[in-house]
Amino acid sequence: MRGTWGMGFEVIKPGLLSTLQDEGRYGYRKYGVITSGPMDFFAHRAANVLVGNTANTAVLEMTLLGPILVAHEDMLLALCGAEMEADVDGIRVPLWRPFLIRKGEKLSVHYAIKGCRAYLAVCGGFEVKSVMGSKSTYLRAGIGGHEGRALQAGDHVAVSQTGMDTRVKGSIPHSGSVSAFIRPGYKDNPVVRVVRGKEVSLFTEASRRSFFAQYFLVTPQSDRMGYRLQGKKLELSKGIPHEIISEAVVQGTIQVPPSGQPILLMADCQTTGGYPRIAHIITADLPLVAQVKPGGTLRFREVSHREAQEQLLLQAMDLRLLEAGVRAWVRDHG
């Protein structure tokens with residue numbers, strides 16, 4: 001059933017790259033259709049929780065520099081992720097907690113002081129057409145989001161009223177925020193945890209040691225499809241071909257092409273790859289990677305599959321507790 005459309009926002013300036021993303025397009029990778037979705041799933045989920053949305057509600061992912069938007073109705077918003085200072089008609093608004101914007105007011109989201117991507121959620125969610133079960137923007141295919149592309153000046157982006165909790169919308173925002181204790185430890189040069197890739201044994205012992213000993217530069221050629229890393233060349237053992245039979249890859253897979261410079265696959269990565277996979281970022285640390293700007297660095301630390309699973313469960317528990325706290329406040333003050 002289609003929801004009622006609100007007026008939403010008018011885009012005055014779009015920012016460097018502002019796209020609508022829900023949790024992603026699942027169930028179609030066997031047909032070659034990528035998942036897309038947010039680069040930083042933690043900030044995406046937290047922003048939705050703060051405004052009373054479900055986890056899969058579409059939000060606006062903003063990269064490096066945010067947009068300038070004019071509200072055409074009263075709305076409850078939340079901004080999470082990178083430290084992008086934002087203001088409503090010149091009055092600073094908080095990060096990691098909800099705030100109100102009134103009809104006719106202008107929201108300006110500035111350059112990221114720390115981190116790379118921020119997420120703007122609106123109570124009720126942005127109203128765009130779903131393509132193959134998802135509202136996520138896939139830029140290369142031109143599907144999902146707002147007309148399959150990033151926002152442009154002059155766009156009007158509607159907001160859905162369906163399922164909107166009227167006890168939240170238009171009320172005084174709840175006093176809750178996302179505690180710094182549960183936020184990912186965003187840094188420009190994080191140490192990121194990985195598990196070993198299927199083809200790690202194909203690399204020389206020296207390259208395996210080097211992979212964990214050095215910092216890799218995130219080059220300017222990096223994007224939502226993948227980060228091109230630069231460091232000391234990683235080499236395969238003598239006689240091992242650089243190209244292998246293509247197999248499935250996912251966000252967080254680290255492949256090594258013939259250049260010896262790793263490629264870290266991200267949210268818009270392809271469904272299969274034919275280069276040796278030396279490692280995989282653990283899911284809980286993908287938000288850290290998403291917030292590294294071009295010019296930043298990454299270093300890798302190996303952990304067990306058990307630790308990777310434990311960290312993801314702890315992160316999920318933190319988000320569930322945050323959601324429970326917001327729902328309790330709404331119930332008690334509705």
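The structure this text deals with has already been given above.
Only a predicted model underlies this, so the values are computations on that prediction, with no experimental measurement involved. Residue numbers restart at each chain and count upward from 1, following the sequence in its written direction. Only residues with pLDDT of at least 70 get local features here, since the model is predicted, and only at 80 or more are side-chain atom pairs given and counted; chain-wide, interface and lining totals rely on the full set of residues. No hydrogens and no water enter the side-chain calculation; it runs on all heavy atoms of the structure.

(A) Representation of the pairing of strand β3 (residues 59-63). Counting buried positions over the 5 residues of β3 gives 5, a clear majority of the element. Exposure classes here rest on a 1.4 Å probe applied to the protein chains alone. A residue is buried below 20% of its type maximum, exposed above 50%, and partly exposed in between. What counts as a helix is a DSSP run of H or I of at least four residues, what counts as a strand is a run of E of at least two, and both are numbered from the N terminus. Burial along β3 is two-sided: the residues Val59, Glu61 and Thr63 and Leu60 and Met62 are all buried. As paired elements, β3 and strand β8 (residues 106-122) share 4 bridges and run antiparallel to each other. Bridge pairing in β8 links threonine 63 to arginine 117. Strand pairing is defined by DSSP finding a minimum of two bridges between the two strands.

(B) Focus on the packing of aromatic side chains. Between 30 and 60 degrees the pair is tilted, below 30 it is stacked and above 60 it is edge-to-face, where a pair is any two Phe, Tyr or Trp rings, Trp via its six-membered ring, whose centres lie within 6.5 Å. Inspection of the entire model under this criterion finds 7 aromatic pairs. The interplanar angle of 10° and the centroid separation of 4.8 Å between the aromatic rings of phenylalanine 211 and phenylalanine 300 together place this pair among those described as stacked. Remark: phenylalanine 300 occurs in strand β18 (residues 297-302) and phenylalanine 211 occurs in helix α2 (residues 205-213); sequence separation between them is 89 residues. Each member of the pair, phenylalanine 211 together with phenylalanine 300, is buried. Measuring from centroid to centroid gives 5.8 Å for phenylalanine 216 and phenylalanine 300, while their planes differ by 45°, and the two rings are tilted. In this pair, phenylalanine 216 sits in strand β11 (residues 216-218) while phenylalanine 300 sits in strand β18, placing the two residues 84 residues apart along the sequence. The residues phenylalanine 216 and phenylalanine 300 share a single accessibility class, namely buried.

(C) Examining the environment of arginine 224 more closely. Inspection of the secondary structure puts arginine 224 in the loop between β11 and β12 (226-230). Look at arginine 224 and you get buried, because its relative accessible area is 6%. Each C-alpha atom, one on arginine 224 and one on tyrosine 138, is 9.7 Å from the other, the two residues being 86 residues apart in sequence. With sequence-adjacent residues up to four places away left out, arginine 224 is seen in contact with Gln21, Ser36, Gly37, Pro38, Met39, Glu61, Thr137, Met266, Ala267, Asp268 and Cys269. At 2.7 Å, the side chain of arginine 224 forms a polar contact with the backbone oxygen of glycine 37. What qualifies as a polar contact is a pair of N or O atoms within 3.5 Å, subject to a donor-acceptor requirement within protein and to the restriction that residues adjacent in sequence count only when both atoms come from side chains. A polar contact of 2.7 Å, which involves the side chain of arginine 224, links it to the side chain of glutamate 61. Working rule for contacts: check all heavy atoms of both residues, and any pair within 4.5 Å makes them a contact.

(D) Here's a closer look at the pattern of salt bridges. Salt bridges are counted wherever a side-chain nitrogen of Lys or Arg sits within 4 Å of a carboxyl oxygen of Asp or Glu. Within the structure shown, the criterion is met by 18 salt bridges. Residue lysine 135 pairs with glutamate 127 through a salt bridge whose shortest N-O separation is 3.7 Å. For glutamate 307, the salt bridge identified is with arginine 193, shortest N-O distance 3.9 Å. With glutamate 307 in helix α4 (residues 305-333) and arginine 193 in strand β10 (residues 191-196), this residue pair connects regions lying 114 residues apart in the sequence. Looking at glutamate 307, the relative accessible area reads 25%, which means it is partly exposed. On the basis of relative accessibility, which here comes to 15%, the residue arginine 193 falls in the buried class.

(E) Representation of the nonpolar core in the model. In this structure, Phe211, Ile254, Leu264, Ile278, Ile281, Leu298 and Phe300 are the most contacted members of the largest nonpolar core, which totals 48 residues. Considering each element in turn, this core owes the most residues, 6 residues, to helix α1 (residues 41-50). Setting aside residues no more than four positions away along its own chain, leucine 298 makes contact with Pro190, Val192, Gln214, Tyr215, Phe216, Val218, Leu229, Leu264, Val289 and Val292. Residues Phe9, Val11, Leu20 and Met62 belong to the second largest nonpolar core, which totals 28 residues. The definition of a nonpolar core used throughout is a set of buried Ala, Val, Leu, Ile, Met, Phe, Trp, Tyr and Cys residues joined through side-chain atoms within 4.5 Å.

(F) Representation of the sheet that holds β11 in the model. Taken in spatial order, the 7 strands close into a barrel running β10-β17-β14-β15-β12-β11-β18, and their pairing is mixed. With strand direction ignored, the average angle separating the axes of adjacent strands in the sheet is 40°. Of the strand pairs in this sheet, β10 and β18 are connected by 4 bridges, and their pairing is parallel. If you follow valine 192 over to β18, its bridge partner there is phenylalanine 300. Axis definition: a line fitted to C-alpha atoms, over the contacting stretch in the case of helices. Angles run 0 to 180 degrees between N-to-C directions. Of the strands in this sheet, β10, β11, β14 (253-255), β17 (277-281) and β18 touch α2, which is tilted by about 120° from β18.

(G) Local environment of the side chain of threonine 35. Positionally, threonine 35 belongs in the loop between β2 (17-21) and α1. Within the structure, threonine 35 has its side chain in polar contact with the side chain of arginine 29 (distance 3.4 Å). Excluding residues within four positions of it along the chain, threonine 35 makes contact with Gly24, Arg25, Tyr26, Arg29 and Ala267.

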